[in-house]
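Coordinate inspection notes
Given next are the chains, with one letter for each unit.
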Amino acid sequence: FIEAKRLSLIMFLPSLSFLLSMYNIDNNFIYIIICLYMSTLLLLFISKFIFKNPTNENKKILINNDFTSTYLKVMNSSIQSILTISFSIIFFRLISSIFSFIFKEEIFILFIQGIFEFSYSSINILMFENYGILKYLLLVLIISFSSFSIILQSYFYLKDINIKIKQLIAFRLITALLTLL
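Now for a quick tour of the structure. (Residues numbered from 1 in each chain as written. Predicted model: local features only at pLDDT ≥ 70, side-chain atom pairs only at ≥ 80, totals over all residues. Heavy atoms only, no water.)

Focus: unusual backbone geometry
The criterion, for reference: Note on conventions: DSSP H or I runs of at least 4 residues are helices, E runs of at least 2 residues are strands, and numbering of each starts at the N terminus.
Here S146, not a glycine, exhibits a phi torsion of approximately 85 degrees, which is positive. Secondary-structure assignment places S146 in the loop between α8 (133-145) and α9 (147-158). At S147, a residue that is not glycine, the phi angle is positive and equals roughly 85 degrees.

Printed below as a string of structure tokens:
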């Protein structure tokens, strides 16, 4: 469980297809991809010293040969996953849209929205031409933090291995700051 917990807290990268689609919009995005992966690898290395594996960890292997029950469990789990992800995206997108009524500067609105749900905002920030390095710094923060939407989606699956939402947020903040450096 310790190794699973360590990996679960740190390994929050957007899909490679999303990152490559961002690269297709702006070729400079390759540097952000490299920073994301390098900071994640560095954090994994550092965390090896923080999370100590117990020497006598219980290892149980469960084998279920009943195809029908396994198939139904997988289908239920898949439907539940799709609903969880969809609800999370919609919920945080609605919350983040409130900021467009409060603030006037579009890039700032997109940054705040990206903290709540990163995919829409990331693409729009990347398309700005007049913000130079600022847009890349904002993208690094947004994508390495992963958004509250992703954190909540992950928490639903990770709570069974005793990961607290505060831990997820803390590690996302550490990763965002480390990636920014």
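Regarding the environment of T179
Applicable threshold: Buried means the residue's accessible area, taken with a 1.4 Å probe over protein chains only, is under 20% of the maximum for its type, while exposed means over 50%, and partly exposed covers the values in between. Residues count as neighbours in contact if any of their non-hydrogen atoms are within 4.5 Å of one another.
Relative to the helices and strands, T179 resides in helix α10 (residues 165-180). Residue class for T179 comes out buried when judged on its relative accessible area of 5%. Measuring from C-alpha to C-alpha, the distance between T179 and I34 comes to 9.6 Å, with 145 residues separating the pair along the chain. Ignoring sequence-local partners within four residues, the contact set of T179 consists of C35, L36, S39, V140 and S144.

Notes on the side chain of T84
The residue T84 is located in helix α4 (residues 67-97) in this model. Among the residues examined, T84 registers a relative accessible area of 14% and is labelled buried. Residues contacting T84, with those up to four places away along its chain left out, are F156 and Y157.

Remarks on the packing of α4 against α9
Basically, it comes down to this: For helices, the fitted axis covers only the stretch in contact; all axes are lines through C-alpha atoms, and the angles between them, taken along N-to-C directions, range from 0 to 180 degrees. Angular relationships are summarised with four words: roughly parallel below 35 degrees, roughly antiparallel beyond 145, roughly perpendicular across 65 to 115, and oblique for the angles in between. Each crossing gets its handedness from the near helix: less than a right angle anticlockwise from the far helix is left-handed, clockwise is right-handed. When residue character is reported, Ala, Val, Leu, Ile, Met, Phe, Trp, Tyr, Cys and Pro are called nonpolar, Asp, Glu, Lys and Arg charged, and the others, Gly included, polar.
Remark: α4 packs on α9, axes separated minimally by 9 Å, with the N-to-C direction vectors making an angle of 150 degrees. The orientation of α4 relative to α9 falls into the category roughly antiparallel. Taken as a pair, α4 and α9 cross one another with a handedness that is right-handed. Together, Q80, S81, T84, I85, S88, I89 and F92 of α4 and F148, S149, L152, Q153, F156 and Y157 of α9 make up the contact between the two elements. Among the residues making up the contact of α4 with α9, the classes are represented as seven nonpolar, six polar and no charged.

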